[in-house]
Amino acid sequence: MIRQKQGCIINIGSRGAFRGEPTAPAYGASKAGLHALGQSLAQALAPHRISVHTIAPGWVETDMGLPYLQGSEGEKTMNQSPLGRAGQPEEIARIALFLASPRSEYLTGCIIDANGASYLRT
């Protein structure tokens, strides 16, 4: 019998946690810490039927990202992805909705890379 989850925590991390951020090392380090926290909490909270997930986006067209994406390095930044574009906030939101839904009952502790293949890890 499947016991439905009672709660869900969804963190927004970053691909920067994996690839490093030479011009923003504190950002990359804090996102790596958030990823590790999410995985630790997933194990601690699983007996309480609370799932914990992290989404690790690349560049997304948000208020934070737009100045970089529209700046002098914008095209180069977007071309980090073979899709040739940044993500849309709605794309990240759809992932979060799935993780919060009953369809993700068996997932916890996952880190989902949502970066348009701009950074691949194993």
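This structure is a prediction, so every number in the text was calculated from the model and none was measured. (Residues numbered from 1 in each chain as written. Predicted model: local features only at pLDDT ≥ 70, side-chain atom pairs only at ≥ 80, totals over all residues. Heavy atoms only, no water.)

A. Just the overall build of the protein, in detail. When helices and strands are tallied, the protein shows 5 helices and 3 strands. Of the regular secondary structure in the protein, the N- to C-terminal order runs β-α-α-β-α-α-α-β. When its C-alpha atoms are laid out on the principal axes, the protein stretches across 55 × 25 × 25 Å. The burial tally for the protein puts 33% of its 122 residues in the buried class. Considering only contacts in the protein between residues 6 or more positions apart, those separated by 24 or more positions represent 71%. Working note: accessible area of the protein is about 7700 Å², and carbon and sulfur atoms make up 58% of it. If the 11 positive side-chain charges of the protein are averaged to one point and the 9 negative ones to another, these points end up 11 Å apart. (Helix = DSSP H or I, 4+ residues; strand = E, 2+ residues; numbered from the N terminus. Buried < 20%, exposed > 50% of the residue type's maximum accessible area, 1.4 Å probe, protein only. Contact = heavy atoms within 4.5 Å. Areas by Shrake-Rupley, 256 points an atom, 1.4 Å probe, with all protein chains shown as cover. Lys, Arg positive; Asp, Glu negative; His and termini not counted. Charge placed at Lys NZ, Arg CZ, Asp CG, Glu CD.)

B. Expanded view of the pattern of salt bridges. The full count for this structure, using the stated rule, is 4 salt bridges. Of the charged contacts, one joins Lys 76 and Glu 73 as a salt bridge, the two residues approaching to 3.8 Å between their closest N and O atoms. Using a relative accessible area of 60% as the deciding quantity, one classes Lys 76 as exposed. For the salt bridge of Arg 85 with Glu 91, the shortest nitrogen-to-oxygen distance reads 2.8 Å. Looking at Arg 85, the relative accessible area reads 38%, which means it is partly exposed. A residue is classified by how much of its surface remains accessible, and Glu 91, at 24% relative accessible area, is partly exposed. (Salt bridge = Lys/Arg side-chain N within 4 Å of Asp/Glu carboxyl O.)

C. Spotlight on the sheet that holds strand S1 (residues 7-12). With respect to topology, 3 strands assemble into an open sheet ordered S1-S2-S3, the strand pairing being parallel. Looking at strand neighbours, the two that pair on one side only are S1 and strand S3 (111-114), the edges of this open sheet. Strand-to-strand twist in this sheet, taken as the mean axis angle between neighbours without regard to direction, amounts to 20 degrees. Pairing between S1 and strand S2 (residues 50-57): 6 bridges, direction parallel. (Pairing = 2+ DSSP bridges. Axes fitted to C-alpha atoms, helices over the stretch in contact; angles between N-to-C directions.)

All quantities given are derived from atomic positions and should not be read as evidence of function.
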